Amino acid sequence: MSASRAKVNQADIPVAQQHRFKWTDVLVQLGLILWAAICLFPVYWMFTFSLKNNEEIFGANVMGLPQNWLWQNYSRALNVGNMGQYFLNSLIVTITSILFVLIAAIMATYAMTRLQWKGRKRMNSFFMLGLTIPIHAAIVPLYTTLSRAGMLNSYWALIIPYSAFSLSMGILISIGFMGDIPYDLDEAAFLDGCGVWGIFFRVIAPLMLPAVSTVGIYTFLQCWNELMFATVFISKEAYKTLPVGIQGLSGQYTTEWGPIGAALAMATIPTLIVYIFLSKQIQESFIAGAVKG
Amino acid sequence: MSSKQKRKLTEFLFLLPTLIAFVMVIIIPFIYGIYYSFTDWQGTGAATKNVGFDNYAVIFQDAGFLHSFLITLLFTVLNVITVNVVAFVISLLVTSEIRGRNVYRAGFFVPNLIGGIVLGLVWQFIFSNILPSIGQSLGWSALSKSLLTNKDTVMGTMVTVNTWQYAGYIMLIYVASIQGISKSVLEAAEVDGARYWTRITKIQIPLMANAFTISLFLTLTNSFKMYDVNVALTNGGPVGMFMGKPVQASELLALNIYQTAFKYNNMAQGQAKAVIFFVVLTIFSIIQVSYNKSKEVEA
C-alpha cells in the first residue's frame, strides 16, 4: 500500500524536482554509508586483529583480513589469560542481578500501582531518587561497608550493588507496562476468589513478560559492561568479571596483542548475539528507559 | 491479626526487597558519604574526628582536582553539542524514505552495545597504531604521532570516541520522536508550500522539544559521569601543566575521584570530591531540564 502511495506522490512532483530528489538521495545514501562504516569499522577491526599475530597487527597487514587465521589466540586468551573464569563470573553476576531486579521491581511496581494505600506516590518518587544518585557518590562508603561485612571479593559484592542501582530504572519501565494491563482482570480474579498474592502471581506476573525482556536487557547491558564497582570491590582473580579482567590483561600482555583482541571479542560476542536476535527489543528498551525517565 | 493489618503486611512484603536494597545500598551509603566528607576518615573504620570543611578547602586548592573539574565541564559541553548534532542529523536521514533505513538504524546502535573498556582499548589501538601508520604512509605529520599522547589533542579524541558511541543511542530517541509527529501536520505544511528546511525548523524541531529535553539530559549526565572509556583510552595521560603544577591532561572527574580514594587511599578527600561531583551534576541537570521544559510546546 505504501508503495502505491509513493508512486502517486512521485507523479505529483514536477520532472525537474524529481531529478533533484534523486541527487539528494545519493548524497544521503553516501552519508549514511560513511557513518555506518565509521560505526562498524572498530568492531570489524577488533574481530580481525583478534585472529592476527603482532607482525600483521603492527605493520604488514593493519586493516585487512588476517592472512593466517590464528584461532589459537582465543585458546590462549582462555587458558593463559583466564578469560574463561572472567566470562563465567560475568555470567553469574549478570544473571543473578537480572533475576533480583526483575522480581523486586515487578513486586514493587505492583504494590505501588495496584494496591491502594497512602503514600504510594511518595514511595515511587523516593525510588526514583536512585536515577539521580551517581555510583561515584556512594562507592567509597559502600566499599567500607562491604569490607566490614567481609563481603569484598565475592559475587555478592557486585550482585547487590548492581541490583540496587538497576532497580529504579526497572521500576520505571515496569510501571509503563503494568499500566497497560486492564484493571478488569484484577477484579475478575478477585471475584473468582484470588487474594492479592494470587492476583499477582496468576494474573499480573504472566502478563508482565514484555516488561521482563525489556528490563532484563537493560540490566544485562548495565551489569555486563560495568567497570567502576568491579575494579574497586574485586581484586581476587577468582571473582573478576570481564571488564576488570580485560583491564588487567591489557597491562599484562603488552607484548602480544592478538590474544587481547580475542579477549575483547569474547566480551563483546554475547551482547552482539543477543542484539542479532532481539535488536527491536533492545532498541525499545533504551527508548522506554529514556522517554519515561 | 485483623484483616486491615494483614493487608498492610502484604503491601509491605511486596515492597520489602526493593526497600531493603535501596536503603542499604544507595540511601545509607550516600548519607554516610556526606558525613564522611567532613571527617578525617581513612576508610578503616577507626575513630574519626570531625574536621569541618577542611577536606573541601584542600580539594579546592588541589590543581589536579580543579583541572579535572574544568576539563570535565569542557568535555561535557563539547560532547553534548557533537552527540546531539550528529544524532539529530542522522535521525532525519534514517526517517526519510531512504532505502535500508532500518538496517542503518540497527547498525548505528551497535557501538552502544560494546562495553566502555572494550571500545576504549580498541580505539586506543586505532589512535596509537592505525592512524599513525596511515599518517606516515601519506606523509601527514599531524597524524604521524598518536593523538592520545598529545595534551592538545587528547580531549578532542575523547569527544570523538564518545560521540561515536553515544550518537546511535540518542538517534533512537530522536527517531521515536520524529515518528510520533503526525503525518498530517507535515503534509499540510507541504501543501501550504513550506520548504524542507522550513518544515524542519518551524514544525519538526518545536514538536520534538520533549525529545531534546531527554537527549540533552542523557548526554549531559553520561558525559559528566564518564569513567570506563577514560580509563581504557588514556587512563588520564599525558601529563600537562595547570596552575604551574603537573596534572593529568585527560583525567576526568570520575577517574580523579577514583584515584584519590582508592589509589592514594585518601577516602575522606575522595568522598568530598564525590559530594561536589554530585551537587554540580544535580544543579546542572535541574537547570537544563527546567530550561528545556519551559521551551516545550503542546502538539
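Here the structure is a predicted model, which means the values were calculated and not measured.

Basis of the calculations
Residues numbered from 1 in each chain as written. Chains lettered and ligands numbered in written order. Predicted model: local features only at pLDDT ≥ 70, side-chain atom pairs only at ≥ 80, totals over all residues. Heavy atoms only, no water. Helix = DSSP H or I, 4+ residues; strand = E, 2+ residues; numbered from the N terminus. Buried < 20%, exposed > 50% of the residue type's maximum accessible area, 1.4 Å probe, protein only. Contact = heavy atoms within 4.5 Å. Core = buried A, V, L, I, M, F, W, Y, C linked by side-chain atoms within 4.5 Å. Domains from an automatic or database assignment. Buried area = accessible area lost by both parts, 1.4 Å probe. Salt bridge = Lys/Arg side-chain N within 4 Å of Asp/Glu carboxyl O. Polar contact = N/O pair within 3.5 Å; in protein donor to acceptor, adjacent residues only side chain to side chain. Phe/Tyr/Trp six-rings, centres within 6.5 Å; stacked < 30°, edge-to-face > 60°. Lys NZ or Arg CZ within 6 Å of the ring centre and 35° of its normal. Expected span 1.5 Å × (residues − 1). Patch = residues over 30% accessible without salt bridge, like charges linked within 9 Å, V, L, I, M, F, W, Y side chains within 5 Å. Areas by Shrake-Rupley, 256 points an atom, 1.4 Å probe, with all protein chains shown as cover. Lys, Arg positive; Asp, Glu negative; His and termini not counted. Charge placed at Lys NZ, Arg CZ, Asp CG, Glu CD. pLDDT = per-residue confidence, 0-100.

Points about the environment of Y239 of chain A
Residues and elements named next belong to chain A.
Step number 1: Along the chain, Y239 falls in the loop between helix 12 (228–233) and helix 13 (242–252).
Step number 2: Classification of Y239 by relative accessible area gives partly exposed; the value is 27%.
Step number 3: Separated by 72 residues in sequence, Y239 and L167 have C-alpha atoms that sit 23 Å apart.
Step number 4: Discounting residues that sit within four places of it in the chain, Y239 has contacts with N89, N153, S154, Y155 and I234.

Some words on the nonpolar core
One broad trend across soluble globular proteins is that nonpolar side chains are buried collectively.
Step number 1: Core analysis: the biggest nonpolar cluster contains 173 residues, and M83, F127, F229, F233 and L264 of chain A together with F108 and V118 of chain B have the highest contact counts within it.
Step number 2: The greatest single-element share of this core, amounting to 16 residues, is contributed by helix 6 (residues 154–180) of chain B.
Step number 3: The residues that make up this core include at least three from each of domain 1 (2–49) and domain 2 (82–292) of chain A.
Step number 4: Apart from the residues within four sequence positions on either side, F108 of chain B is in contact with L32, W35, A36 and C39 of chain A together with I90, V94, G168 and M171 of chain B.

Topic: the domain arrangement of chain A
All names here are of chain A.
Step number 1: Each assigned domain of chain A is listed with its residue range as follows: domain 1 (2–49) and domain 2 (82–292).
Step number 2: Contact with domain 1, which involves four residues of that partner, is made by eight residues of domain 2.
Step number 3: For the pair domain 1 and domain 2, the two sides together bury roughly 460 Å², of which 87% comes from carbon and sulfur.
Step number 4: The interface formed by domain 1 and domain 2 contains zero salt bridges.
Step number 5: The interface formed by domain 1 and domain 2 holds zero residue pairs in polar contact (both at pLDDT 80 or more) in total.

Section: the side chain of T219 of chain A
Step number 1: Assignment of secondary structure puts T219 of chain A in helix 11 (residues 209–224).
Step number 2: Other than its neighbours up to four places away in sequence, T219 of chain A contacts I98, V101 and S166 of chain A.

With respect to the side chain of T76 of chain B
Step number 1: Along the chain, T76 of chain B falls in helix 3 (residues 63–94).
Step number 2: Aside from chain neighbours lying at most four places away, what touches T76 of chain B is L220, S223 and F224 of chain B.

What about unusual backbone geometry?
Residues and elements named next belong to chain B.
Step number 1: Even without glycine at this site, N235 takes up a positive phi of about 50°.
Step number 2: Even without glycine at this site, M243 takes up a positive phi of about 50°.
Step number 3: Take M243: it is sitting in the loop between strand 1 (239–242) and strand 2 (245–248).
Step number 4: We classify M243 as partly exposed; its relative accessible area is 47%.

Some words on the pattern of salt bridges
Residues and elements named next belong to chain A.
Step number 1: For the structure shown, the criterion picks out four salt bridges over all chains.
Step number 2: The salt bridge partner of D186 is R114, with a shortest N-O separation of 2.6 Å. Of this pair, D186 sits in helix 9 (residues 183–191) while R114 is found in the loop between helix 5 (83–113) and helix 6 (120–128), placing the two residues 72 residues apart along the sequence.
Step number 3: When its relative accessible area of 11% is taken as the criterion, D186 is described as buried.
Step number 4: Where K240 meets E237, a salt bridge forms, and the shortest distance between an N and an O atom there is 3.1 Å.
Step number 5: Judged by relative accessible area, which is 36%, E237 ranks as partly exposed.

Some points on the packing of aromatic side chains
Step number 1: On inspection of all chains with the given rule, the structure shows 45 aromatic pairs over all chains.
Step number 2: Centroid distance Y35 of chain B to Y36 of chain B: 5.8 Å. Interplanar angle 45°. Geometry classified as tilted.
Step number 3: A relative accessible area of 8% means that Y36 of chain B is categorised as buried.
Step number 4: Within the aromatic cluster, the residues linked to one another by ring pairs are Y110, W197, F200 and F201 of chain A together with F14 of chain B.
Step number 5: Stacked on the ring of Y183 of chain A, the Lys or Arg R114 of chain A has its end atom at 4.1 Å from the ring centre.

Some thoughts on helix 3 of chain B
Step number 1: Relative to the 46 Å expected for 32 residues at 1.5 Å per residue, helix 3 of chain B spans 45 Å between its end C-alpha atoms, a close match to the ideal helical length.
Step number 2: The distance from a side-chain oxygen at the start of helix 3 of chain B to the backbone nitrogen of G64 of chain B is 2.9 Å, and the residue carrying that oxygen is D62 of chain B.

Re the interface of chain B and chain A
Step number 1: At the interface, 74 residues of chain B touch 82 residues of chain A.
Step number 2: Both faces combined, the contact of chain B with chain A buries some 7200 Å², and carbon together with sulfur accounts for 81% of it.
Step number 3: On the chain B side of the interface with chain A, the three residues burying the most area are F14, L113 and F125 of chain B, jointly 11% of the side's total.
Step number 4: Our count for the chain B to chain A interface comes out at seven residue pairs in polar contact (both at pLDDT 80 or more).

Re a positive patch on the surface
Step number 1: A grouping of K118 and R122 of chain A together with K4, R7 and K8 of chain B is seen on the molecular surface, where their side chains present a positively charged patch.
Step number 2: The element that contributes the greatest number of residues to the positive patch is helix 1 (residues 3–36) of chain B, accounting for three residues.
Step number 3: Relative to the elements of secondary structure, K8 of chain B occurs in helix 1.

Looking at the confidence of the model for chain A
Residue and element names in this part refer to chain A.
Step number 1: With 89% of its residues at a pLDDT of 70 or more, chain A has an overall mean of 83.
Step number 2: By mean pLDDT, the top-scoring element of chain A is helix 5 (94), and the lowest-scoring one is helix 1 (residues 2–12) (45).
Step number 3: This model gives residues 1–8 a pLDDT under 50, and the stretch forms zero contacts once residues within four places in sequence are excluded.
Step number 4: pLDDT under 50 marks residues 13–19. Its contacts with residues more than four places away, or in other chains, come to two contacts.

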